[in-house]
Amino acid sequence: MIMNRNPIYGFEKLIKEYARFPKFIPLPAHFEHGWTTLEDPLPGDLKTNMPLMLVFSNRRKSAWEKHSSIPVEIIGSPMVFYRKKNKIKRSSSASGTIVFPSHSTKDIDVKYDIDDFCNRLLNLPLEFHPFTICLHWEDIKRNVDKLYKNKGFEVVTAGDMYSDQFPRNFYNILKNYKYSASNEVGTYTFYSIEMGIPFFLIGEPAVRINNGNDINIDKKIYNINEFKYGEIAKNLFSQVQTYISPEQLEFVNKELGINELVDRHKLHFLLWKSLFKIIFSYRLKLVLKKLFN
């Protein structure tokens with residue numbers, strides 16, 4: 001068994017830190033990279049050769065157990081661990097709104113009317129002004145930032161998602177704003193609410209064009225509100241408001257597994273157990289290859 005690497009958003013480093021697992025050993029586990037509306041695991045995750053799977057929530061754990069015999073534990077989002085460990089809070093001088101437009105990936109193109117989206121933002125009450133657009137690195141590479149800059153908006157990014165500096169960059173941006181917004185619910189929604197920053201939806205949801213094979217859907221063109229948890233999230237955050245409702249907080253806590261996280265001591269043990277399984281499997285394959293070749 002070959003240990004694959006999954007360094008996205010600096011999660012590997014943070015998981016090892018949470019579990020007090022040696023930094024120099026590749027993480028012997030696979031993990032989800034963000035929140036999803038889907039009710040089944042991503043096919044790409046199911047292809048993992050790791051003996052341990054780490055997911056965001058009990059909902060995602062139940063989904064995994066229906067499709068895989070690989071043991072699974074709830075780790076939540078390592079971003080929340082990073083924020084709490086570093087005692088990051090919303091700045092006392094926070095103002096305005098940080099906006100996270102729906103973003104593309106290497107397999108998915110997102111399409112929405114940027115002109116309409118910008119106009120809807122600018123027509124919001126002055127309480128929510130000014131607006132800063134935070135773009136995903138994939139959209140920076142596609143020059144989407146130029147479209148927003150041409151509209152007079154400041155544009156920022158947390159940078160390359162494969163950098164260990166992503167969590168620091170993200171929270172250095174988020175902490176400076178009083179509100180958070182988007183045209184669809186995404187992982188940023190949960191990080192905002194968890195940090196005490198109200199989030200709301202504005203504008204029409206993006207149309208997604210599926211160009212890859214790593215999404216567990218049959219549709220070529222869709223939007224996330226077509227799925228059960230996309231609809232639930234839309235209904236919770238569709239109202240522009242200046243506070244976090246109890247229902248929103250409860251939903252976020254469940255989807256981030258806040259009260260269900262695996263104990264760090266247990267995870268430490270499970271990661272070592274997983275590593276020994278990998279080593280044993282590799283050595284067994286070598287022995288069998290020697291015997292039968």
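For the structure, see preceding data.
Nothing here was measured: the structure is a model prediction, and the numbers come from that model.

What counts, and where the lines are drawn
- Residues numbered from 1 in each chain as written.
- Predicted model: local features only at pLDDT ≥ 70, side-chain atom pairs only at ≥ 80, totals over all residues.
- Heavy atoms only, no water.
- Helix = DSSP H or I, 4+ residues; strand = E, 2+ residues; numbered from the N terminus.
- Rg over C-alpha atoms; globule rule 2.2 N^0.38 Å.
- Buried < 20%, exposed > 50% of the residue type's maximum accessible area, 1.4 Å probe, protein only.
- 1 Å grid on protein atoms, 1.4 Å probe; cavity = no way out; pocket = protein on both sides within 12 Å on 5 of 7 lines; lining within 4 Å.
- Points joined across faces, edges and corners; volume = space filled by probe spheres on them.
- Nonpolar A, V, L, I, M, F, W, Y, C, P; charged D, E, K, R; others polar.
- Salt bridge = Lys/Arg side-chain N within 4 Å of Asp/Glu carboxyl O.
- Pairing = 2+ DSSP bridges.
- Axes fitted to C-alpha atoms, helices over the stretch in contact; angles between N-to-C directions.
- Left-handed = near helix turned anticlockwise from the far one by under 90°.
- Contact = heavy atoms within 4.5 Å.

J.: Please explain the overall build of the protein chain as it appears in this structure.
T.: Helix and strand counts for the protein chain come out as 12 helices and 11 strands. Taken over the C-alpha trace, the protein chain has a radius of gyration of 20 Å; the compact-globule value for 293 residues is 19 Å, and the two agree within 12%. When the backbone C-alpha atoms are referred to their principal axes, the protein chain occupies close to 75 × 40 × 30 Å. Taken over 293 residues, the protein chain has a buried fraction of 52%.

J.: Hey, could you run me through empty space enclosed by the protein in this one?
T.: To locate leftover empty space, one rolls a probe as large as a water molecule over the atoms. Following the criterion strictly, the structure yields 1 cavity of 30 Å³ or more and no others. Roughly 30 Å³ of internal volume is contained in the largest cavity. Around the largest cavity, the lining residues are E32, G34, W35, T36, F56, S57, R59, R60 and E255. Residues of the lining of the largest cavity, tallied by class, amount to 2 nonpolar, 3 polar and 4 charged.

J.: So what exactly am I meant to see when it comes to the layout of surface pockets here?
T.: The space that makes up the second largest pocket amounts to roughly 190 Å³. Every residue lining the second largest pocket is counted, 14 residues in all, and those nearest its centre are Y18, S77, V80, F81 and L261. Broken down by element, the residue count for the lining of the second largest pocket peaks at 5 residues, all from helix α4 (residues 78-85). Of the residues belonging to the lining of the second largest pocket, the class tally is 10 nonpolar, 2 polar and 2 charged.

J.: Hey, could you run me through helix α9 (residues 187-194) in this one?
T.: Think of an α-helix as turning once every 3.6 residues; residues three or four places apart then point the same way. Of all 8 residues that make up α9, 8 are buried, and the element is covered over most of its length. Every buried residue belonging to α9 is among T187, Y188, T189, F190, Y191, S192, I193 and E194, and all of these are buried. Among the residues trailing α9, G196 stands out with phi positive, at a value near 90 degrees.

J.: Looking at this model, I keep getting lost on the pattern of salt bridges. Mind explaining?
T.: Under the definition given, this model contains 17 salt bridges. The closest approach of N and O atoms between D115 and K151, which form a salt bridge, is 2.6 Å. Here D115 is found in helix α5 (residues 114-122), whereas its partner K151 is found in the loop between α7 (144-149) and β7 (154-156), with 36 residues between them in sequence. One salt-bridge network, in which partners are shared between bridges, spans D109, E138, K141 and R142.

J.: Mind showing me how you'd approach the sheet that holds strand β10 (residues 207-210) here?
T.: The 3 strands are arranged β5-β10-β11 in an open sheet whose pairing can be described as antiparallel. At either end of the open sheet lies a strand with only one pairing partner, and these are β5 (108-111) and β11 (221-222). Across 4 bridges, β5 lies against β10 in antiparallel orientation. Residue pairing for β10: D109 is matched across the bridge by I209.

J.: Is there a simple way to explain the packing of helix α1 (residues 11-19) against α4 in this structure?
T.: The geometry of a pair of packed helices is captured by two quantities: the angle between their axes and the separation between those axes. The contact between α1 and α4 brings their axes to 9 Å, and the two run at 60 degrees. Read as a crossing pair, α1 and α4 show a hand that is left-handed. Taking contact as the criterion, the partners of F11, L14, I15, E17 and Y18 in α1 are, on α4, P78, M79, F81, Y82 and K85. A per-class count over the contact of α1 with α4 returns 8 nonpolar, no polar and 2 charged.

J.: Would you mind showing me how to read the sheet that holds strand β2 (residues 53-55) here?
T.: Strand pairing in a sheet is mediated by backbone hydrogen bonds. Such pairs are either parallel or antiparallel. Taken in spatial order, the 3 strands of this open sheet run β1-β2-β3, and their pairing is parallel. Of all the strands in the sheet, just β1 (30-31) and β3 (72-74) have a single pairing partner and so form its edges. Relative to β3, β2 is paired through 3 bridges, and the arrangement is parallel. Considered in β3, the bridge of V55 is made with I74. In the packing of helix α3 (residues 58-67) onto the sheet, contacts are made with β2 and β3, and the angle to β3 comes to roughly 175 degrees.

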